[in-house]
Amino acid sequence: YPIKVMGEAQLELHEHVIRVMDTHAPGFDRSKITVRDSSKGRWQSITLVITATGKPQLEAIFADLKTSDLVKMVL
């Protein structure tokens, strides 16, 4: 299941995403993480793929990702 996180381009954003994914989807394939910077470099899009176990897991991931002020949108 692909998850895309958009937010401010800071190291803390990437660390937050990894921490949340390690909590809710341990063992996800880190080699499939892609990061794209905006044209001016202020924003980043981080996309990763997990094997989802169900709607409760996805809801928990989305809720935890949104706890950071650096995260502007989760898709």
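Residues numbered from 1 in each chain as written. Predicted model: local features only at pLDDT ≥ 70, side-chain atom pairs only at ≥ 80, totals over all residues. Heavy atoms only, no water.

**A short note on the pattern of salt bridges**
In this structure the tally under the stated criterion is three salt bridges. One salt bridge connects K55 with E59, and the closest N-O pair in it is separated by 3.9 Å. Within this pair, K55 and its partner E59 are both found in helix 2 (residues 55-65), separated by four residues, close to a single helical turn. You can call E59 partly exposed: its relative accessible area is 47%. (Salt bridge = Lys/Arg side-chain N within 4 Å of Asp/Glu carboxyl O. Helix = DSSP H or I, 4+ residues; strand = E, 2+ residues; numbered from the N terminus. Buried < 20%, exposed > 50% of the residue type's maximum accessible area, 1.4 Å probe, protein only.)

**A look at the sheet that holds strand 4 (residues 71-74)**
Sheets are built from strands paired through backbone hydrogen bonds, the pairs being either parallel or antiparallel. Judged by pairing direction, the sheet is antiparallel, and its four strands sit side by side in the order 2-3-1-4 without closing on themselves. A strand with exactly one partner marks an edge of an open sheet, and here the two such strands are strand 2 (34-37) and strand 4. Neighbouring strand axes in the sheet, compared pairwise and without regard to direction, differ in orientation by 20 degrees on average. When strand 2 meets strand 3 (residues 43-49), the two strands line up antiparallel, connected through four bridges. Looking at the pairing, R36 lines up with S45 of strand 3. Across the sheet, helix 1 (residues 11-24) is in contact with strand 1 (2-8), strand 2, strand 3 and strand 4; its angle to strand 3 comes to roughly 20 degrees. (Pairing = 2+ DSSP bridges. Axes fitted to C-alpha atoms, helices over the stretch in contact; angles between N-to-C directions. Contact = heavy atoms within 4.5 Å.)

**With respect to the side chain of H16**
Tracing the chain through its elements places H16 in helix 1. The class for H16 is buried, based on a relative accessible area of 9%. A polar contact is formed between the side chain of H16 and the backbone oxygen of D64, at a distance of 3.3 Å. Dropping the residues within four chain positions of it, H16 is found in contact with D64, L65, T67, S68 and V71. (Polar contact = N/O pair within 3.5 Å; in protein donor to acceptor, adjacent residues only side chain to side chain.)

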